[in-house]
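Commentary on secondary and tertiary structure
In case you want the letters, here they are:
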Amino acid sequence: MNIDQIYTGCLAHGAYYIESNGEAVIIDPLREVQPYIDRAEQDGAKIKYILETHFHADFVSGHLTLAEKTGATIVYGPTAKPSFDAHVAEDGEILKVGDLSIKVLHTPGHTMESTTYLLKDANGKDHSIYSGDTLFLGDVGRPDLAQKAANLTQEELAGLLFDSLREKIMPLADEVIVYPGHGAGSACGKNMMKETVDTLGNQKKVNYALRADMTREEFIKEVTDGLLPPPAYFPANVKMNKEGYSSIDEVLHMGTRALSPAEFEVAAEESEAIVLDVRHQNDFVQGHIPSSIFIGIDDNFAPWVGSVIADVNQKLLLVCPEGREEETVTRLARVGFDKVLGYLKGGIEAWKAAGKEIDQIESIPATEAHHRLEQEKLPVVDVRKYSEYEAEHVENALNIPLDFINSKMAEFPKDETFYVHCAGGYRSVIASSILKSRGYHNIIDIKGGFHAIKNAGFIVTDYVCPSTLK
C-alpha cells in the first residue's frame, strides 16, 4: 500500500494518491494531471478511480482531464449531479483498489454531495479517511458556500454537518488517520491547523467542532460565527467542476504565447485584457506597465487573483519573471482563469527598450514613513484582514482589507496623499496597483508592512490575541 499526500501550499490543498497491487486512485486532483499519471507509471499501476469529495469552490479539479487521459472512473458521493459521465456512489458503497477497500461515507453539510472516503487495509481494518472539506485539522468546512444550490440556510447546512460528523466520522477508531482537503490558509474554513495530517483521536481532543459534549445548537452557532464573505470566484469554480472546462493543454498553448512589446500593447488595447504583473513587489514598484495589476507569483498568488480580479472570464496578459510563464498560466488555470492571451517576451526590460511608457509606485521604508508622518499627519490605510487589524494596528489607521477592495474603493482617501501597508509588503502593493489602475495616484506604500512599522517608532495599539476576538 502506497499513500502520498500531494500538498500544494499556495492553495493550501491536499490531493491524494493511493496505490495497491497495480491499481491506484487519485483523490481531489489539481488541474494539471501529468504528475499523477507519472506517479502511477512509476509504480506500474493503472489509475482506476478519481474520487471527488465534492464540487470544489476554491480550485478547478483535474478530474475530467485525468479521466480522459487514463480511462479512470470519476466518482462522486450521493446526490451529486455532474454534467458529465461519472459514478455517483451510494452511501456505504465499497470500492475495491488492489488489496484495499474504500468505503463511501456520505457526509453532507459543507455541500450536499460532500463525501468522506474511508480506506480499509488488506485485512479490512479502518486505516484513514479522506475528508475533503467536511473535516479539517482544527476546524470543519464552512456551511455557507452551497446555500443557494441546496435551497437551505447556512444554519440548516451546519446542522447537517453536525449530524455527519457525529454519525459517520466520530464513531471511527481514534487511530484512524485524517487526511483533509485543505490546511491553514484556505478560505474554506476559519481555524485550520498548520499540520496536514493527524489522527482522529487527537482531533477529537483539539478540534472545537468535535467536542463530545457539544449540542447541535452550540455547533451551529460556533461554525457559522465570524464567517466572512467567500471569495468572488468560488461560484465560477463550482460551475466549472460540475459542468466542465477547457483542456489544460489548450489553456497552456494559448497562455504561453510570447508577444513582442508592440504585439503586447496591441493585444491589451484590442482585447481589454488586464495586464497582470507577477514579478516581486520590489521590482513592480520600481517600474511597471501603466494600469497593470500586481499579484506576485511567490505568495498566495492564485487565491488573490481570484479574490481581486474575481471574473474567471477576464482576459489577461502577463508580465512574468523569465522562465516562469508556464508556471503562471498553470497556477491561474487552477482557479479557473483560462483566458490568458500571452506574455510579454523579454519582460519589462524589453518594454523599456522599446521606448514604452513606465509607471512607478512610491514605496518608502517604514522609518522614513514615520519621519514624514511626524512632519505632516496623513491617513494610514491598513489592508490586512479584520482579525489582523483588531489584534494590533497603527493608532488611528483606517482598515480596508484587500479582500474587499473592489466593493470599498470609495473608502480610500481621494483628496489627499495617504500611506498604505499590510503585514509584510505584498498585499499593500496589490492594493496600490489596483488603486492606481482606478485613478488613485496619491499613494505611498510602506515597505516591509506592519513588521517593519513596529520597529520604526509608530504608535500602535495594545496587542490582543486573535483567538480571543470574535
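Residues numbered from 1 in each chain as written. Predicted model: local features only at pLDDT ≥ 70, side-chain atom pairs only at ≥ 80, totals over all residues. Heavy atoms only, no water.

Section: helix H6 (residues 216-224)
Burial in H6 covers these residues: Phe219, Ile220, Val223 and Thr224. Within H6, the buried residues cover an arc of 105 degrees as seen down the axis, which keeps them to one side. Of the exposed residues in H6, those oriented more than 90 degrees away from the buried face are Glu217 and Lys221. Looking at the buried positions of H6, the neighbouring elements they touch are helix H4 (154-169). Just downstream of H6 lies Gly226, where phi reads positive at about 80 degrees. (Buried < 20%, exposed > 50% of the residue type's maximum accessible area, 1.4 Å probe, protein only. Helix = DSSP H or I, 4+ residues; strand = E, 2+ residues; numbered from the N terminus. Arc of directions from axis to C-beta. Contact = heavy atoms within 4.5 Å.)

A short note on the environment of Ile248
Tracing the backbone through its elements, the reader meets Ile248 in helix H8 (residues 248-255). Sequence spacing of Ile248 and Arg31 is 217 residues, and the spatial spacing of their C-alpha atoms is 6.9 Å. Not counting residues up to four positions away in its chain, the partners in contact with Ile248 are Arg31, Thr65 and Ala333.

A few points about the environment of Glu243
With respect to the helices, strands and loops of the structure, Glu243 is situated in helix H7 (residues 234-243). Residue Glu243 is classed as partly exposed on the basis of its relative accessible area of 45%. Each C-alpha atom of the pair Glu243 and Gln375 lies 58 Å from the other, and the pair is 132 residues apart in sequence. Filtering out sequence-adjacent residues up to four positions away, Glu243 remains in contact with Ser83 and Phe84.

Side note on the sheet that holds strand E7 (residues 94-97)
With mixed pairing, the 6 strands of this open sheet are ordered in space as E7-E8-E9-E10-E11-E12. Every interior strand has two partners, whereas the edge strands, E7 and strand E12 (198-199), have only one. Pairing geometry for strand E11 (residues 177-180) and E12, over 2 bridges, is antiparallel. Along E12, the bridge assignment pairs Ile177 with Thr199. (Pairing = 2+ DSSP bridges.)

Focus: the sheet that holds strand E6 (residues 87-88)
Read across the open sheet, the 6 strands follow the order E1-E2-E3-E4-E5-E6; overall the sheet is mixed. Each having just a single partner strand, strand E1 (2-8) and E6 make up the two edges of the open sheet. Sheet topology places strand E3 (residues 23-27) next to strand E4 (residues 46-51); 5 bridges connect them, and they run parallel. Along E4, the bridge assignment pairs Glu23 with Lys46. Against the sheet, helix H1 (residues 34-43) touches E1, strand E2 (13-20), E3 and E4, its axis set at about 25 degrees to E2. Helix-sheet contacts for helix H2 (residues 63-70) involve E3, E4 and strand E5 (73-76), and the interaxial angle to E4 is about 155 degrees. (Axes fitted to C-alpha atoms, helices over the stretch in contact; angles between N-to-C directions.)

Thoughts on the packing of aromatic side chains
Scanning all chains against the criterion turns up 12 aromatic pairs. Ring plane angle 40 degrees and centroid distance 6.1 Å describe the contact between Phe412 and Phe418, whose orientation is recorded as tilted. Under the relative-accessibility criterion, Phe412 is labelled buried at 2%. Joined through ring pairs, the aromatic side chains of Tyr16, Tyr130 and Tyr179 make up one cluster. The ring of Phe450 is capped by Arg384, whose NZ or CZ atom sits 4.3 Å from the centre of that ring. (Phe/Tyr/Trp six-rings, centres within 6.5 Å; stacked < 30°, edge-to-face > 60°. Lys NZ or Arg CZ within 6 Å of the ring centre and 35° of its normal.)

Considering the pairing of E11
Sheet topology places strand E10 (residues 126-132) next to E11; 4 bridges connect them, and they run parallel. By the bridge assignment, Gly132 is partnered in E11 with Pro180.

Some points on the nonpolar core
Across soluble globular proteins, nonpolar side chains have a tendency to be buried as a group. Counting residues in each nonpolar core, the largest one holds 80 residues, and the members touching the most others are Leu276, Ile295, Leu332 and Ile405. Here this core takes 6 residues from helix H16 (residues 426-437), the largest share from any one element. When neighbours within four sequence positions are excluded, Ile295 is seen to be in contact with Leu276, Asp277, Val278, Phe301, Trp304, Val305, Val308, Ile309, Tyr426 and Ile430. By size, the runner-up hydrophobic cluster in this structure holds 21 residues, among which are Leu118, Leu165, Leu172 and Ala209. (Core = buried A, V, L, I, M, F, W, Y, C linked by side-chain atoms within 4.5 Å.)

Quick word on the packing of H8 against helix H12 (residues 325-333)
The interhelical angle for the contact between H8 and H12, taken along N-to-C directions, is 135 degrees, at an axis separation of 10 Å. The angle between the axes of H8 and H12 places the two elements in the oblique class. For the crossing formed where H8 meets H12, the hand is right-handed. Judged by residue contacts, Ile248, Val251, Leu252 and Gly255 of H8 engage Glu326, Val329, Thr330 and Ala333 from H12. (Parallel < 35°, antiparallel > 145°, perpendicular 65-115°, else oblique. Left-handed = near helix turned anticlockwise from the far one by under 90°.)

What to know about the side chain of Arg334
With respect to the helices and strands, Arg334 occurs in the loop between H12 and strand E17 (340-344). Among the residues examined, Arg334 registers a relative accessible area of 12% and is labelled buried.

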